[in-house]
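Spelled out, the chains give:
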Amino acid sequence: MVSIENEAALASTGGRETALACIRAGIEAARPERVVAESVHVDEEERLRVGEATYDLSGVDRIVVVGGGKAADGVAAALEDVLGDRIDAGAIVTPDAGDDGRIERWHGEHPVPSQEGVEGTDRILDLITETDDRTLVLAIITGGASALLPSPAEGISLDDLQTTTDALLNAGAEIGDLNAVRKHLSTIKGGGLVELAAPARVVGLVFSDVVGNDLSVIASGPTAPDESTYQDALDVLKRYDVDPPAPVRDRLEQGAAGNLPETPRTDDPVFDRVRNHVIADAFTAMDAAREVAEDRGYDTCILSSSVRGEAREAALTHVAVAEEIGATGNPAEAPVVVLSGGEATATVRGDGVGGPNADFALAAAVELPESTTLACVDTDGHDGSSDFAGAIVDADTVDDVRAARRALANSNAYGFLGGRGAVLSTGATGTNVNDIRVMVVE
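If you're wondering where the values come from, they're calculated on a predicted model, not measured in any experiment. (Residues numbered from 1 in each chain as written. Predicted model: local features only at pLDDT ≥ 70, side-chain atom pairs only at ≥ 80, totals over all residues. Heavy atoms only, no water.)

Chemist: Tell me about the environment of Thr131, and name the residues and values.
Modeler: The residue Thr131 is located in the loop between α5 (115-128) and β7 (135-142) in this model. Residues Thr131 and Ala219, 88 residues apart in the sequence, show an inter-C-alpha distance of 22 Å. Residues within four places of Thr131 in sequence aside, it is in contact with Val137, Ala197, Pro199 and Ala200. A distance of 2.8 Å separates a polar side-chain atom of Thr131 from the backbone oxygen of Ile128. (Helix = DSSP H or I, 4+ residues; strand = E, 2+ residues; numbered from the N terminus. Contact = heavy atoms within 4.5 Å. Polar contact = N/O pair within 3.5 Å; in protein donor to acceptor, adjacent residues only side chain to side chain.)

Chemist: So what about the layout of surface pockets? Which residues, and what values?
Modeler: In this approach the atoms are scanned with a rolling probe the size of a water molecule, which exposes any empty space left behind. Size it by volume and the largest pocket reaches roughly 840 Å³. Lining the largest pocket we find 44 residues, and of these Leu169, Ala173, Ile175, Glu343 and Thr345 sit closest to its centre. Looking at the lining of the largest pocket, the elements with two or more residues in it are α6 (145-148), α7 (158-170), α8 (175-183), β10 (299-310) and β11 (336-345). Among the elements that make up the lining of the largest pocket, the one with the highest residue count is α8 (5 residues). The space that makes up the second largest pocket amounts to roughly 360 Å³. Looking at the second largest pocket, it is lined by 21 residues, and the ones nearest its centre are Lys70, Pro95, Asp96, His382 and Ala428. (1 Å grid on protein atoms, 1.4 Å probe; cavity = no way out; pocket = protein on both sides within 12 Å on 5 of 7 lines; lining within 4 Å. Points joined across faces, edges and corners; volume = space filled by probe spheres on them.)

Chemist: Explain the pattern of salt bridges to me, and be specific about the residues and the numbers.
Modeler: Side chains that carry opposite charge are capable of pairing whenever their charged atoms lie near each other. In the structure shown here, the tally under the stated rule is 24 salt bridges. Note that Arg420 is salt-bridged to Asp399, the shortest N-O span being 2.9 Å. Placement of the pair is Arg420 in the loop between α16 (413-418) and β14 (423-424) and Asp399 in the loop between β13 (390-394) and α15 (401-409), with a sequence separation of 21 residues. Classification of Arg420 as partly exposed rests on a relative accessible area of 31%. Here Asp399 falls in the exposed class, since its relative accessible area comes to 58%. One network of salt bridges, with partners in common, ties together Asp43, Glu45, Arg47 and Arg49. (Salt bridge = Lys/Arg side-chain N within 4 Å of Asp/Glu carboxyl O. Buried < 20%, exposed > 50% of the residue type's maximum accessible area, 1.4 Å probe, protein only.)

Chemist: So what's going on with the pairing of strand β12 (residues 372-378)? Which residues, and what values?
Modeler: In terms of burial, β12 is largely enclosed, as 7 of its 7 residues are buried. The alternating pattern of β12 places Thr372, Leu374, Cys376 and Asp378 on one face and Thr373, Ala375 and Val377 on the opposite face, and all of these are buried. Relative to strand β15 (residues 435-441), β12 runs antiparallel, the two sharing 7 bridges. In the strand pairing of β15, Val377 is matched with Ile436. Direction of pairing for β12 relative to β13: antiparallel, over a ladder of 5 bridges. Its bridge partner being in β13, Thr373 is matched across the sheet by Asp394. (Pairing = 2+ DSSP bridges.)

Chemist: Describe the packing of aromatic side chains, and please don't skip the residues or the numbers.
Modeler: For any two aromatic rings, the description comes down to two numbers: the centre-to-centre distance and the angle of the planes. All told, the structure shown has 1 aromatic pair when counted by the stated rule. Relative to Tyr414, the ring of Phe388 has its centre 4.8 Å away and its plane inclined at 40°; by these criteria the two rings are tilted. You can see Phe388 sitting in the loop between β12 and β13 and its partner Tyr414 sitting in helix α16, a full 26 residues away along the chain. Looking at Tyr414, the relative accessible area reads 7%, which means it is buried. We note Arg420 situated over the ring of Phe416; from NZ or CZ to the ring centre the distance is 3.6 Å. The cationic tip of Arg437 hangs over the ring face of Phe360; the distance from NZ or CZ to the ring centre is 4.7 Å. (Phe/Tyr/Trp six-rings, centres within 6.5 Å; stacked < 30°, edge-to-face > 60°. Lys NZ or Arg CZ within 6 Å of the ring centre and 35° of its normal.)

In structure tokens, the structure reads:
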């Protein structure tokens, strides 16, 4: 059960209480134990069903489970409940590793990769390179796995990966751009897992934390074709003005010159025995939040599941929607709950810790109309590099506009919001399906 710290104090108005109830329901709906129980099972004829797809286990000698990400531990536990001793071996890498079962749990760090993550990924590589055409590989692909499954390519050190990742994060790189670089510095990303597992059958169980559910971007696409190139990766570094370590630049330049093989494309036969299933995404959370709002008598409106860009700028669009509802009743009449998902970014400036949901909340709070409440969180419980999930604000949150704008300029939104009892803390939630925002207009 998701717990929101100090929830009773935070729920000081009806709008705040509704917003928090919607947030909690959204996160709960995307938790692995619930998602897997609803979408994965073995029928009486020994067929594995994933959603509408069926996989005959009679021709399978071994089932191997591998993968990683913030939701990986929960998915692994749920799969052990579903498959039991049918699982022959497995290994995952996750920041909150539980006890080993039939699937080994390895600890890793996020958002910057760690040596522990390298060791866990090495174990995964050992398992998938031992497979054959009678092996079924269940690949757990969840948000955060780009950092948790490092596997540096030849000539690239862990320090090279850490330095490059950190620089791109601080520059506010969007996830697709960041992962275009990561894929060309790794052996497992950008379809690499599938190449190494061939000729095994690979079934991806995907929790999407990416706008549009682009399989090549989620976790840097270890089980998906990749159309990005070494030159694309170089262009990303240039666009964000990042000067990487020499081995990184050298590898990318060698690849762009045609001296290294590109990641596998859509028509590569290595994907003939691969199928990916997105079993949870932003809509999983938003649908649950919408149901709670409607049960409470609110009209609802899903603004978008694809909100992206700089958080403090995207926030103004939500303010404009609240203003329009009050002025014209469009796109819906109040009382209404407006929902959105996606993944905004926050360029870190000054001495603060950043956090796109904190920036989003504070930028909106400066201009929110009366009788409007906005709660926004990262569903994994950690907003950017902070220890907080997000924030809840209304028109009364900002008592000093100049101080609020200074906090935004110094990436210190949490410093400002914390002093006004507006910070949401959940701890690690065990899932990751992007950000969710709930705006209640009374």
